[in-house]
Amino acid sequence: MAKGTIRLADVAKAAGVSQGTASNVFNRPEVVREEVREHVLETAKRLGYAGPSLTGRLLRAGKVNAIGVAAVEPIAYFFNDPWARALLAAVSRVCDASGTGLALVSAKDRQTVDWNIKSALVDGFILLCVEGGEKLVQLTRERQLPFIALALNDEDPSIPSISVDNVGGAAVAARHLAELGHRRFGVLATELSDDNVGPVGIAEIERGIYSTSRNRALGYWQALEAFGIGREDVPIYETLNDKPSVEAGLNYLFSLPEPPTAILAMSDNIALLAINWLRARGLSVPQDVSVIGFDGVPEGGMVEPGLTTMAQPFAEIAERAVQAVLHDAVPAEREMIGVTLIVRGSTAAPRPDRI
């Protein structure tokens, strides 16, 4: 008999004991007499039986005490993207406090992520839906495990999700700059449509497929209209939230006849890239150009000047998400959490000669 086909029943038969006794040797050894236990273990070793499957045991128990954090991105995304890194750190702290395991379920290839989600040994999922959210939701629903979506771009109310107030947060960001005296703005947007980069107009923004970016643009517009600044007066450049596209956006904004005195960045990552680009061109932040981000990642407080931003409550989001998945208590409807303005050194009143 090949070793790979050895079962517990084979060990019991070869050792001359019942299958229940053989099972107790591996699962409840304290209830088996020492000489019987040693005989069964020796028989199992001789036959090449390594013991019952831990995976099977956990699945039969119904709980594995672990959650999966899933994204349609390469595994490096969890460590390279500041927002994903901050969120994962917050989720890890909650899991550590409760002794819960954590699995990263990630793949850029859609077929691979399909397999990874279907095979992950977890009790449920936290889905990072910045990209490919509809695919993640579909696959997770097929697993019939509890899940909660974060940064969901689909406004379907039947999908359990936790989101931040993108409209309200963006409005606060724009109002902060306008109250400082800025009247010339440029927006560096996160994706509105798949893989699009470049200047976008009002109509393109309104029909964008990603609601996070749409809603942040709407919030900017709403706040600036109160200061007499129309939507058509605010140039918006769509980026991929990476260095090449952000730098292309800055080249565009600062080639305009009236370049901005303030940058509204839809992510802290974009804002930090913008600060580096401005410095490299001899422009001072905030004396020449003010920059405000959105997310509240730790890196924003480590640069000089510190980044003014709209901070997401990562700890609260992580606590709610982990507890909802672990206790199969996902919200029946979408939950929205507010964001907080953190004022640091990257924003200030514009120079009088630039108003």
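Because the structure is a prediction, the values reported are computed rather than measured. (Residues numbered from 1 in each chain as written. Predicted model: local features only at pLDDT ≥ 70, side-chain atom pairs only at ≥ 80, totals over all residues. Heavy atoms only, no water.)

(A) Examining the sheet that holds strand β1 (residues 66-71) more closely. What the six strands build is an open sheet, ordered β2-β1-β3-β4-β5-β12; its pairing is parallel. One side of each edge strand has no neighbouring strand; the edge strands of this open sheet are β2 (101-106) and β12 (335-337). The sheet shows a mean angle of 20° between the axes of neighbouring strands, direction not considered. As paired elements, β1 and β2 share six bridges and run parallel to each other. Across the sheet, residue A66 finds its bridge partner in β2, namely G101. Each of β1, β3 (125-128) and β4 (147-150) is contacted by helix α8 (residues 133-143), which is oriented at about 170° to β3, the strand it contacts most. (Pairing = 2+ DSSP bridges. Helix = DSSP H or I, 4+ residues; strand = E, 2+ residues; numbered from the N terminus. Axes fitted to C-alpha atoms, helices over the stretch in contact; angles between N-to-C directions. Contact = heavy atoms within 4.5 Å.)

(B) How the structure looks around the environment of E333. In this structure, E333 sits in the loop between α14 (314-326) and β12. The exposed category is assigned to E333, whose relative accessible area is 58%. Ignoring sequence-local partners within four residues, the contact set of E333 consists of P157 and S161. (Buried < 20%, exposed > 50% of the residue type's maximum accessible area, 1.4 Å probe, protein only.)

(C) The arrangement of the nonpolar core in detail. Within the largest apolar cluster, 57 residues are counted, with the highest numbers of intra-cluster contacts made by I126, L128, F185 and L264. A per-element tally of this core places helix α6 (residues 82-98) first, with nine residues. Among the nonpolar cores identified, the runner-up in size contains 20 residues, and L250, A265, L272 and L278 belong to it. (Core = buried A, V, L, I, M, F, W, Y, C linked by side-chain atoms within 4.5 Å.)

(D) Local environment of the packing of aromatic side chains. In the structure shown here, the tally under the stated rule is four aromatic pairs. Judged by centre distance (5.4 Å) and plane angle (85°), the rings of F26 and Y49 are edge-to-face. Of the two residues, F26 sits in helix α2 (residues 19-27) while Y49 sits in the loop between α3 (34-47) and α4 (54-61), which places them 23 residues apart along the sequence. We classify F26 as partly exposed; its relative accessible area is 22%. (Phe/Tyr/Trp six-rings, centres within 6.5 Å; stacked < 30°, edge-to-face > 60°.)

(E) Main features of the packing of helix α1 (residues 8-15) against α3. Packing of α1 against α3 leaves a shortest axis separation of 9 Å and a crossing angle of 120°. Comparing the axis directions of α1 and α3 gives the class oblique. Seen from above, α1 lies across α3 with right-handed handedness. Note on element contacts: α3 touches α1 through H39, V40, T43, A44 and L47, opposite D10, V11, A14 and A15. For the contact of α1 with α3, a count of residues per class yields six nonpolar, two polar and one charged. (Parallel < 35°, antiparallel > 145°, perpendicular 65-115°, else oblique. Left-handed = near helix turned anticlockwise from the far one by under 90°. Nonpolar A, V, L, I, M, F, W, Y, C, P; charged D, E, K, R; others polar.)

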